[in-house]
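Per-entry structural report
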Amino acid sequence: MIDSTSTKVNLWRPPALDDEVATAYLRRLGLDPTAERAEWPSVAQLHRLHAAHVERVPYETVWIALGETRGMDPVEAAGCLVAGRGGYCYQLNGAFSALLTTLGYPVTWHRAGVQGQPGDPAGDSGNHLALTTVLDGQGWWLDTGLGDGPLDPVPLVAGAFGPDDRFRLRPSDSVPGGWRFDHEPGGAFFGMDFPTTAIGPTDLLAKHVEISTSPTSGMVRVVTVQHRTPAGARIIRGRMLSERPVAGSATVRQLSGYAEWRALLREVFHLPLDDVPEERLRAVWQRIEADHAAWERDRQA
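Summary of the structure given here. Fair warning: this is a prediction, and the values are worked out from it, not measured in the lab.

About the thresholds
Residues numbered from 1 in each chain as written. Predicted model: local features only at pLDDT ≥ 70, side-chain atom pairs only at ≥ 80, totals over all residues. Heavy atoms only, no water. Pairing = 2+ DSSP bridges. Helix = DSSP H or I, 4+ residues; strand = E, 2+ residues; numbered from the N terminus. Contact = heavy atoms within 4.5 Å. Axes fitted to C-alpha atoms, helices over the stretch in contact; angles between N-to-C directions. Buried < 20%, exposed > 50% of the residue type's maximum accessible area, 1.4 Å probe, protein only. Salt bridge = Lys/Arg side-chain N within 4 Å of Asp/Glu carboxyl O.

The next point concerns the sheet that holds strand β12 (residues 240-245). Spatially, the five strands line up as an open sheet ordered β1-β10-β11-β12-β13, and their pairing is antiparallel. The outermost strands of the open sheet, each flanked by one partner alone, are β1 (59-60) and β13 (251-254). Pairing analysis gives two bridges linking β1 to strand β10 (residues 224-229), with the strands arranged antiparallel. Bridge pairing links tyrosine 59 to glutamine 226 in β10. Helix α9 (residues 258-267) contacts β10, β11 (232-237), β12 and β13 of the sheet and is inclined by roughly 140° relative to β11.

Okay, here's the thing in structure tokens:
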């Protein structure tokens, strides 16, 4: 049986943010900073923070396509988010862990592994960062860094959850004593495993460098932006937009061009990128178009 509240002792804990950054962060989430900072940690607040983060701060790899580099410092990651950017799991969950620490939540980092396809190896490969917290003796899995993950925090209790119980949390088959998240059919990935063992940023640094710089990394090869809202999941991969509503059929279509891509990033994904020169963004789109054309040629060969 898994103990939902225990982890191995690790001296590292996510740092707190200074007042200015925490205030700006909460505003980025569309929340009232004064009200949120006056509230004691609660399940209701945890749900509010988590859902707002998943919806309003996108999982995105535009920064990689722009040639930017980022580290594993949660405070640095929070600064990027406050500036209107997104990131992938290490930045999104890292920044969120610092915000929660600031608000009084005990947060633990865990080395996790996302399984993209059924044939991929399962286990805690380190290609993902997962978070947990404990409130009133109940453990919670938190994950704002999956892009197409749960909208709400999840109690560390085995069972189905989410819209129409299409998600599932259960004991992991590949990580002894750990947890397994089984995604819904048609999701952007197959599942994710993580142990209860606590870690710190240095435990994931090498994997972060590999994923963000290796020519064979999917994060480097495909420019991706995604988020989940109460209505469902929305993902841009290269030139293709897929929308998977909670109710109804999923749709996939090709974006018409640069103008539509920029408008979607700004107006739908909350990713304005106002700090990036226009010519650099156009260069990213030109690369997306070239990659898509090459993919079309390969498919027709």
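Here the narrative resumes.
A large share of strand β3 (residues 128-135) lies buried, amounting to seven of its eight residues. Inspection of the sheet shows strand β2 (residues 107-115) paired to β3 by six bridges, in the antiparallel sense. Following the sheet pairing, arginine 111 is matched in β3 by leucine 129. Summarising the sheet, β3 and strand β4 (residues 138-142) pair through five bridges and their orientation is antiparallel. Looking across to β4, one finds that leucine 131 is bridged to leucine 142. Between β3 and β4, which pair antiparallel in sequence order, lie two residues; one of them, aspartate 136, sits at a positive phi of approximately 50°.

What follows deals with the pattern of salt bridges. Per the stated rule, a full pass over the model turns up 23 salt bridges. Between arginine 85 and glutamate 68 there is a salt bridge, with the nearest N and O atoms lying 2.8 Å from each other. Taken together, the residues arginine 85 in the loop between α5 (74-82) and α6 (89-102) and glutamate 68 in the loop between α4 (62-65) and α5 connect sequence positions 17 residues apart. The shortest N-O distance in the salt bridge between aspartate 274 and arginine 266 comes to 2.9 Å. What makes aspartate 274 exposed here is its relative accessible area of 58%. Here the salt bridges share partners, and the residues they tie into one network are Asp148, Arg166, Glu184, Arg228 and Arg244.

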